[in-house]
Amino acid sequence: MADNQKAVGVSVPRIEAREKVLGRSVYVDDLRREGMIWGKVVRSPHPRARIVHVDVTEARGLPGVVAVLTAADVPGDRYVGPLVKDQPILCSSSVRFEGDAVALVAATAEEVAETARDAVRVEYEILEPVLDPIAAMSPEAPQVQAGGNVASYSKLRRGDVEVGFRAADVIVEDSFSTQMIDHAYLEPEGAVAEVDAEGKVTIWVCSQYPHYDRQEVARVLGVSLARVRVIQTTTGGGFGGKFGSPLVSCYAALLAARTGRPAKVLYTREESLRTTVKRHPYRIHYKVGATRSGKLTAVEARFVGDTGAYLVVGRAVVGKSTSHGAGPYEVPHVKMDGYAVYTNKAPAGAMRGYGVPQVAVAYESLLDELARKLNLDPIEFRLKNVLREGSQTATGQTLLHSVGVAETLERAADARREMTPHLKTGKPYLKRGIGVGVSWHGIGAARSPSQATAYVNLCGDGSATVLCGSVDIGQGSNTLFSQIAAEELGVPLDQISVVTGDTLTTPDCEATTATRVTYLSGNAVRLAAEKAKGTALELAAKHFGCLPEHLILARGKVQVPDAALEISLTDLFKKHAVQQISALGVFSPDCTPLDPETGQGSPHATYGFGTHVALVEVDQETGAVRLVDYAAFNDVGKAINPQAVEGQIEGAVAMGTGYALSEGMIFDRGKILNPSFATYLLLTAADLPPVRVGLVEAPEPTGPYGAKGVGEPSMNPVAAAVINAIYDAVGVRIRELPAVPETVFAALKTRQPLPADR
Amino acid sequence: MSISLCVIVNGNEHHLDVAPHHTLLDALREELGLTGTKRGCEVGDCGACTVLLNGKAVNSCLVLAAETEGAEVVTIEGVAGREGLHPLQEAFIREGAVQCGFCTPGMILSALALLRENPRPSDAEVRQALSGNLCRCTGYAKIVQAVLDASDASLVPGFGRPEGLRPSR
Amino acid sequence: MLSKLREFQYLRPRSLDEAEELIQQFGPDARILAGGTDLLVRMKERGLRARVVVDLKAIPGLAGIHAEPDGSLRIGALTTLGDIERSSHIRAHFPLLWQGASCVGSVQVRNRATVGGNLCNASPAADTAPPLLALGGEAILRGERGERRLLLEKFFTGPGRTAMGQEILVGISIPPNGAGSSLYLKHSPRRAMDIAIVSVAVRLDVDSQTGVCGKASIVLGAVAPVPLRARAAEQTLEGQRLTAQRLEDAARAAQEAAQPIGDLRGTAAYRREMVWVLTRRALVEASGAGEGSTFFQG
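Calculation criteria
- Residues numbered from 1 in each chain as written.
- Chains lettered and ligands numbered in written order.
- Predicted model: local features only at pLDDT ≥ 70, side-chain atom pairs only at ≥ 80, totals over all residues.
- Heavy atoms only, no water.
- Phe/Tyr/Trp six-rings, centres within 6.5 Å; stacked < 30°, edge-to-face > 60°.
- Helix = DSSP H or I, 4+ residues; strand = E, 2+ residues; numbered from the N terminus.
- Buried < 20%, exposed > 50% of the residue type's maximum accessible area, 1.4 Å probe, protein only.
- Lys NZ or Arg CZ within 6 Å of the ring centre and 35° of its normal.
- Pairing = 2+ DSSP bridges.
- Domains from an automatic or database assignment.
- Salt bridge = Lys/Arg side-chain N within 4 Å of Asp/Glu carboxyl O.
- Polar contact = N/O pair within 3.5 Å; in protein donor to acceptor, adjacent residues only side chain to side chain.
- Nonpolar A, V, L, I, M, F, W, Y, C, P; charged D, E, K, R; others polar.
- Contact = heavy atoms within 4.5 Å.
- Buried area = accessible area lost by both parts, 1.4 Å probe.
- Axes fitted to C-alpha atoms, helices over the stretch in contact; angles between N-to-C directions.

Caption draft 1: Here's a closer look at the packing of aromatic side chains. All names here are of chain A. Evaluation of the coordinates by the stated rule reveals 13 aromatic pairs over all chains. Geometrically, the ring pair formed by Tyr 286 and Phe 303 is tilted, given 6.1 Å between the ring centres and 55° between the ring planes. With Tyr 286 in strand 15 (residues 282-290) and Phe 303 in strand 16 (residues 296-308), this residue pair connects regions lying 17 residues apart in the sequence. Here Tyr 286 matches Phe 303 in class, with each residue buried. Site record: aromatic cluster; members linked through ring pairs are Tyr 282, Tyr 286, Phe 303, Tyr 329 and Tyr 363. Its end group placed over the ring of Phe 667, Lys 345 keeps NZ or CZ at 5.8 Å from the ring centre. One Lys or Arg, Arg 526, reaches over the ring of Tyr 705 and ends 4.2 Å from the middle of that ring.

Below you can see the structure in the form of structure tokens.
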């Protein structure tokens, strides 16, 4: 940046964009190693079965096959999982979902590995699968996991909902269900592993958390962390689905360790859709009360999250629903009960929004119903209740700063006004409507302690290297880090190098997840850069005989602005016999964990907020819904890179609209029927309108330059806005996602006559 | 048993021996090391492997390498000229149309094919032309904008972003 | 399970005679490759095996759009859907076919997929089939005993099955379209890259003086084992003045003719309802009773 130009708050292009448009970025499937073998996973075709016998003879005998491994061949621990070690790398006695891994084969060519995979004979005793999460909660249900099917129970108790409902003039109550969806990043999961002459294993993997992958690989191989290095390759999207890629990392590592040859395991799209973690499907029941004047008095809710065969992060996902279930509103009486329940389906894990989109769509639907019963405008009604500075959340946390939700609502009202002239259609069967959705999202994981660490090495020419464990998965965090370092150190962006995603060189910063990178890791980078600068200024202060506060660092020189004096860092370093200045930045957000009985506490240091407005067109005769216009307002604290923030929000709108309208894993007796992009329907460019994005910046004093984050807060309100718009258009309440044409058609058939004013 | 063929890739003639069951995608990535063409689904549903075959956008996963005897293929590695990036590539960078980047090569090739046939497309035409290329990161907004920016439409007076809501700060 | 292609022999005949010989020689072991957008997907996704793949694309004369002086049209079987989409002649004179071809898959798919492949694949949801049936198209088949013509209506015998013996579909012949008005409607969740839940092609010859309907064609997609001509519905209209009631009656008749199954795209009951909605809508638009005849998809 030029001296008068800032790096923060500027829409700089992302630092790796040139590589990407040239097709030169190296993704995991682009890696080739001399003598590399291909691994494939033998998977169960049954959702629940006992493994009677595994016969690998034929597979092992095929020409080109170099390894066939079963559970007995795993040298270390056989189970992985971020919260509970419950997922077998390879199953030995039973399989718990269609796609559970039973054996691992490797061959010199991918086709041969596939043939070997198909040649492994597994005899199963098929058992009746547990599919319905509600039925699974019954003590009589067959047990998916030894500890029972109720994997977790999280509670929130604030005030007394009985009192709250007695104070209410209007109460609405309803049940909703949401579907299982896939992250559907364009790059499927994969890993390459290689063992060096010392026996150390290096793994290249597309991942949101290479340090976690290292832990699991070390455990599974039965070696120390020092023997495993994980390097994140350019990652083609994550959204929570690559929140650690321990399974695929372990498969590649096992094969490399067993054969001594480099091994690649790359999932097919079908494997990715059928077997990797998903968004939790939810069953939701809400009861919400308000006074005649439009003040919320009580919210009571019960959620059951179907976590599938393994917990992964199910407990935390449902916990997030519980803490966020009352929305960004002041509600005096709140009662929430959330359960994560095991079933014989693909495990649900982390996915952008982490339990909040599910409850937001149900809750925001009911807030619209309340507003209608109270004859209040939906935005006005919400404005009477939203959190403001000084408000207490449902967890009893007082928010002192950066509560921009009211402003997002006010901006949304303007957008709605602009959309209103477009409500008319040329056809009697096409009806349009506008819906609003509001949501929030706590920044960072809801626990304590949590921290981010970064190093900055400042060189004599003013350039610097940032080392941080938080990886870029496509959202642009490496660019963000370079912007922050450039801002602090007073150099152009190209003078900053960013190293992330290598367990050998970067500190463990936890996962790129939970909308935590800008706030936590951004702060760590900022603190490290600030410290490096501080050290340089102190050296210069000695040199000039002045106070460091009177000095500035810019373009590799320390200047005394008042006296027009300057010294280059090169000279300064030489004078003090310093090669470079290295500084460590550590940031821990200020939070307190939730009380397990009451759900009270301050789980997040700060929150992102958003109000979204959708204009949809519903074909009353077919049930088809089309998004016509969309406006998204998110309070991000501060947009360090406005263009990148807009990009996050635009992506969230597409993902959220797909969640509302078209996406969903379709099951038949526990088997997924649509494991392809021809049948699992992501919206295309032709299905989406341009999106208007409005950034609200209510600065967060503890954030880097006031920034909070946007990844999840932008996702959470989308489906709610779309579903509310459908109601506004045709007067039917969709309680079951996705609102595919047939679902909307069925709802239209049972529709009550429309209010006379429409 | 392999098949010998001659194919022009990014302007260079290549003599390849390919297995009959290998696709153009396999040949580009495995034989020629052109890994900019991405493997996203293998069955023509995602568009990540889009290349130009005799000037037309195709899914290289659904073309046998053997079918390309004598054909001209353009991959992402052949889009930039000696003078530098293609205007589409510049626009993708400038507009923030690149996030994870996995769909980017295919998107650029679909856009290139569109602009050659229709140098002045509308927003809707760009969206139709890109509808065979899935993207999970961007919501397509900045991709469509980048294609419009790189088109002749950008030379028309009054061309600009669709009326959006400006950030407040 | 999605897999890479398995080894096969790839043969590229240079003439129809050579192609026929190969087909006779290998019989069911041979798979005919046209655009590959169906065949290769079935081989990768559903484990369809082929010992021999016979690629027809090197045979001269199998691709191309020929407007005949009498107003009829001949389309080579290997003509891509993209070429049909780009044909201003087809767009102007056979808009029904243009609409069907333009809504298949994506640009990339249409640049490979051929009209012959779309028909021979014999999916009840094939987007070119209802338009071609409605236009009275004929398949031109080449076999041991020379060339024969078969009305496309008789071409399909079931899902994935056709009336072809060991023959090659070399082209499609379409009679002159005249002044009839027509419309193809496709109902699918996405506006691109999707397969029809239900589709319908209608074509009406309405006398502009009398308002009486001459020949009517109504063909349904994705609601029967084959693309289905709804004859009773057509008869409801032929020789009649097209009142709103008449159009509705025809749509009801089409609905009664449909024999849909349920699958992951929709239940049988929903499909049946959509036949009525789409047929009525298409008839209203095509007969000029609607407001503007826009190509609808959604």
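Caption draft 2: View of the pairing of strand 17 (residues 333-342) of chain A. All names here are of chain A. Buried residues dominate strand 17, accounting for nine of its ten residues. Looking at chain direction, strand 16 and strand 17 are connected through ten bridges and run parallel. The residue of strand 17 that forms the bridge with Val 304 is Tyr 339.

Caption draft 3: Spotlight on the domain arrangement of chain A. Residue and element names in this part refer to chain A. Looking at chain A, the domain boundaries give domain 1 (17-24 + 451-587), domain 2 (31-127 + 189-266) and domain 3 (282-445 + 594-750). Put simply, domain 1 and domain 3 have zero salt bridges between them. Summed over the shared surface of domain 1 and domain 3, the result is seven residue pairs in polar contact (both at pLDDT 80 or more). For the side of domain 1 that touches domain 3, the secondary structure elements donating two or more residues are helix 13 (477-489) and helix 14 (517-544). Residues belonging to the side of domain 1 that touches domain 3 are distributed by class as follows: six nonpolar, seven polar and four charged.

Caption draft 4: Expanded view of the interface of chain A and chain B. Residue-level contacts link 69 residues of chain A with 53 residues of chain B. On the chain A side of the interface with chain B, the three residues burying the most area are Val 21, Leu 186 and Ala 685 of chain A, jointly 16% of the side's total. Across the chain A-chain B interface, the total number found is nine salt bridges. When the shortest N-O distance is used, the salt bridge between Lys 142 of chain B and Glu 646 of chain A registers 2.7 Å. Summed over the shared surface of chain A and chain B, the number is 28 residue pairs in polar contact (both at pLDDT 80 or more). Per element, the largest residue contribution to the side of chain A that touches chain B is nine residues, and it comes from helix 16 (residues 642-661) of chain A.

Caption draft 5: Spatial organisation of the pattern of salt bridges. Residues and elements named next belong to chain A. All chains considered together, the criterion is met by 84 salt bridges over all chains. Residue Glu 216 pairs with Arg 219 through a salt bridge whose shortest N-O separation is 2.4 Å. One end of the pair, Glu 216, and the other, Arg 219, are both in helix 6 (residues 210-221), three residues apart, so they sit about a helical turn from each other. Overall, the relative accessible area of 23% leaves Arg 219 in the partly exposed class. In this structure, the salt-bridge partner of Glu 488 is Arg 526, at a minimum N-O distance of 3.2 Å. You can see Glu 488 sitting in helix 13 and its partner Arg 526 sitting in helix 14, a full 38 residues away along the chain. Since its relative accessible area comes to 7%, Glu 488 is described here as buried. The exposure class assigned to Arg 526 is partly exposed, which follows from its relative accessible area of 22%.

Caption draft 6: Molecular detail of the sheet that holds strand 2 (residues 12-18) of chain B. Residues and elements named next belong to chain B. Strands sit in the order 2-1-5-3-4 across an open sheet of five strands; the sheet is mixed. Bordering the open sheet on either side are strand 2 and strand 4 (56-59), each of which pairs with just one other strand. Each neighbouring strand pair of the sheet contributes to a mean axis angle of 40°, computed without reference to strand direction. Across four bridges, the pairing between strand 3 (residues 50-53) and strand 4 is antiparallel. Note on strand 4: the bridge partner recorded for Val 51 is Val 58.

Caption draft 7: Representation of the interface of chain A and chain C in the model. Residue-level contacts link 35 residues of chain A with 31 residues of chain C. Both sides together, the interface formed by chain A and chain C hides about 2,800 Å², and carbon and sulfur atoms give 52% of it. The tally of links between chain A and chain C comes to 17 residue pairs in polar contact (both at pLDDT 80 or more). When residues of the side of chain A that touches chain C are traced back to their parent elements, those giving at least two are helix 3 (110-119), helix 8 (269-275) and helix 18 (741-749) of chain A. No other element matches the six residues that helix 3 of chain A contributes to the side of chain A that touches chain C.

Caption draft 8: Representation of unusual backbone geometry. All names here are of chain A. Across the junction of Leu 737 and Pro 738, the peptide omega takes the value -5°, indicating a cis bond. Here Pro 738 is to be found in the loop between helix 17 (718-730) and helix 18. Unlike most non-glycine residues, Tyr 354 shows phi in positive territory, near 50°. Counting through the fold element by element, Tyr 354 comes out in the loop between strand 17 and helix 10 (356-373). You can call Tyr 354 buried: its relative accessible area is 15%.

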